[in-house]
Amino acid sequence: MRFDLVTLFPDFFESPLRSGLVGKALQKHIAEVMITNPRDFTVDKHRKVDDEPYGGGVGMVMKAEPIAAALDSLPKLPRREVIYFTPQGEPMTQDLFKFLATNCDQLVLLCGHYEGVDERVISLVDREVSLGDFVLTCGEIPALTLLNGVLRLRPGTVGKEESLKAESFEEPLLDYPHYTRPPEFRGLGVPPVLMSGNHGAIAQWRREEQMLRTRDRRPDLYEAKPVFPTHPACMTSAQWRVLNQVVNILETHQIRYQITGGLAGNFYGSTWPVHDLDFDVLEADLARVYHSFEPWTIAPPDRQIDRDREALQLSLQMDGVAIDFTAAESAYALRGQKRVPLKIDLTTAHRARCYGRSMWVQSLQGLIARKTLLRRSADLTELRQLR
C-alpha cells in the first residue's frame, strides 16, 4: 500500500514514521510513504503557497495551483483515494479505516493549513475527513492519525492479528480494562477472574466490562447496539436483582459481609449453578442483619445442622430467591461427632466488579479452605484448576 503525504511541513512526519509499529511496518515494506511538498511546485521567486482570501477576512488561504501541481505529479494506482482533512468532512471512524485498508492501494493525504485550501481544490479530492468537532493548526495531525489507523489494519503490521478484533470500535464497543504486574498497586488489586486461568470466565468478564464502559462513557454507541445481557449467565435476572438489593442494604447499614458459595465460585471462573445466595457476616452483626431484612426473614437466626456442616444462620426469601447469612465465627465442618471450625475470615475478601456492581467476595484461597474442610472433592478439583 502506498501513502502520499502532500504537506508544507515534511519534517512533521520524520519521527512518527520511524517509531513503533508504523516504523517497523515501513521497514518490512508492508506499505511505503512518500512526501510531496506543494512549495516545490510554485513558480514565483518567493515560492508563495498562500494568499489573501477574496472578499476579505482574516487569515490566508492555500493557493490552488501548487496543490494541483503536487497532486498531478503523483502516480495513480488503480485503487486510489485523495483525502483532504477539514472540520467539514465526514467523521474519522474505525469503519472508515477498515474500508480504506481493504479497498485502496494508494491514499493521497492532503494536509491543509491557515484558513484551508482554495475551494476549487476540492474538485480534485475524493473524500473530505474530519478528526472531530474542533480546530487544529494543521492537517498533518489528522493525516498521521488516518495513516496509523489504516496501516495497523494491514496484514503483518500487528504481531497478533486476533488482538485487533478485541479493540475498541471493532464492534460499537469500547475496550475492556487491562492489568499487568504487580498484582497490587497503591492498594488497588487485579480482578481475581483475570488471574484464575479460566479463559471462558475471563472472556465473559471482558465482554461485560466492554458493555459497561460503553454504556457509561459512550451511550450513543451503546444505544445503537442490540439489547445487551443485563446479568451474569450463572444467575437468573431475579437472582441478580435480589443480589443487588441485598448488597445495597448491607452497605447502607455498613455491615461487613462476603459472598460465598456457588456465586463466589463463579467470580473466579467456576461453572457452578447458583441455587441460592450465600453470605458470611460477623456474628456480632447477625442481629442487625435480622432487623435490616426482617420483612423477608423466614425465622430469627438459629443454629442449622446438615450432613457435613453446622452454623448459626439466618435464612430469607426475597422475591422467590433464597438467601442464607452465616455467622463467620460460628460455622463448623462436621466430622462424625467432631466439629472443626471453618475459620472464615472476612478481612481477606476481595472487592470484585460484575456488570458494573462492586461487592465483597470470599477470596479464592478462603473458598478452597472451606471446601477442603467440608470435603467437597468435586468442587475442590475445579477450584484448584482456577488458581
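Residues numbered from 1 in each chain as written. Predicted model: local features only at pLDDT ≥ 70, side-chain atom pairs only at ≥ 80, totals over all residues. Heavy atoms only, no water.

1. Considerations on the packing of aromatic side chains
Part 1 of the reasoning: Under the definition given, this model contains five aromatic pairs.
Part 2 of the reasoning: Ring plane angle 70° and centroid distance 5.3 Å describe the contact between Phe-12 and Phe-13, whose orientation is recorded as edge-to-face.
Part 3 of the reasoning: On the basis of relative accessible area, Phe-13 is assigned to the buried category, the value being 0%.
Part 4 of the reasoning: Note on Phe-293 and Phe-325: the rings are 5.3 Å apart at their centroids and 40° apart in plane angle, and the pair reads as tilted. (Phe/Tyr/Trp six-rings, centres within 6.5 Å; stacked < 30°, edge-to-face > 60°. Buried < 20%, exposed > 50% of the residue type's maximum accessible area, 1.4 Å probe, protein only.)

2. Section: the nonpolar core
Part 1 of the reasoning: Membership of the largest hydrophobic core comes to 44 residues, with the highest contact counts inside it found for Leu-243, Leu-277, Phe-279, Ile-323 and Phe-325.
Part 2 of the reasoning: Not counting the four nearest positions on each side in its chain, Leu-277 is found in contact with Met-235, Gln-239, Val-242, Leu-243, Leu-263, Val-321, Ala-322, Ile-323 and Asp-324.
Part 3 of the reasoning: Of all hydrophobic cores here, the second largest spans 29 residues; its members include Phe-13, Ile-30, Cys-111 and Ala-143. (Core = buried A, V, L, I, M, F, W, Y, C linked by side-chain atoms within 4.5 Å. Contact = heavy atoms within 4.5 Å.)

3. Digging into the pairing of strand 10 (residues 257-260)
Part 1 of the reasoning: Burial of strand 10 is two-sided: the residues Tyr-257 and Ile-259 facing one way and the residues Gln-258 and Thr-260 facing the other way are all buried.
Part 2 of the reasoning: When strand 10 meets strand 11 (residues 277-281), the two strands line up antiparallel, connected through four bridges. Bridged to Thr-260 within strand 11 is Asp-278. (Helix = DSSP H or I, 4+ residues; strand = E, 2+ residues; numbered from the N terminus. Pairing = 2+ DSSP bridges.)

4. Thoughts on the environment of Ala-64
Part 1 of the reasoning: Along the polypeptide, Ala-64 turns up in helix 2 (residues 64-72).
Part 2 of the reasoning: Separated by 55 residues in sequence, Ala-64 and Glu-119 have C-alpha atoms that sit 8.2 Å apart.
Part 3 of the reasoning: Once you skip the residues sitting within four places of it in the chain, Ala-64 turns out to touch Asp-118 and Val-121.

5. Digging into the packing of helix 3 (residues 94-103) against helix 4 (residues 140-151)
Part 1 of the reasoning: Two elements in contact, helix 3 and helix 4, have axes whose closest approach is 8 Å; the angle formed by their N-to-C orientations is 65°. Put simply, helix 3 runs roughly perpendicular to helix 4. Of the two elements, helix 3 crosses helix 4, and the hand of that crossing is right-handed. Here helix 3 contributes Leu-96, Phe-97, Leu-100 and Ala-101 to the contact with helix 4, which in turn contributes Thr-145, Leu-146, Gly-149 and Val-150.
Part 2 of the reasoning: Classifying every residue of the contact of helix 3 with helix 4 gives six nonpolar, two polar and no charged. (Axes fitted to C-alpha atoms, helices over the stretch in contact; angles between N-to-C directions. Parallel < 35°, antiparallel > 145°, perpendicular 65-115°, else oblique. Left-handed = near helix turned anticlockwise from the far one by under 90°. Nonpolar A, V, L, I, M, F, W, Y, C, P; charged D, E, K, R; others polar.)

Keep in mind that these numbers describe shape and distance, not what the molecule does.
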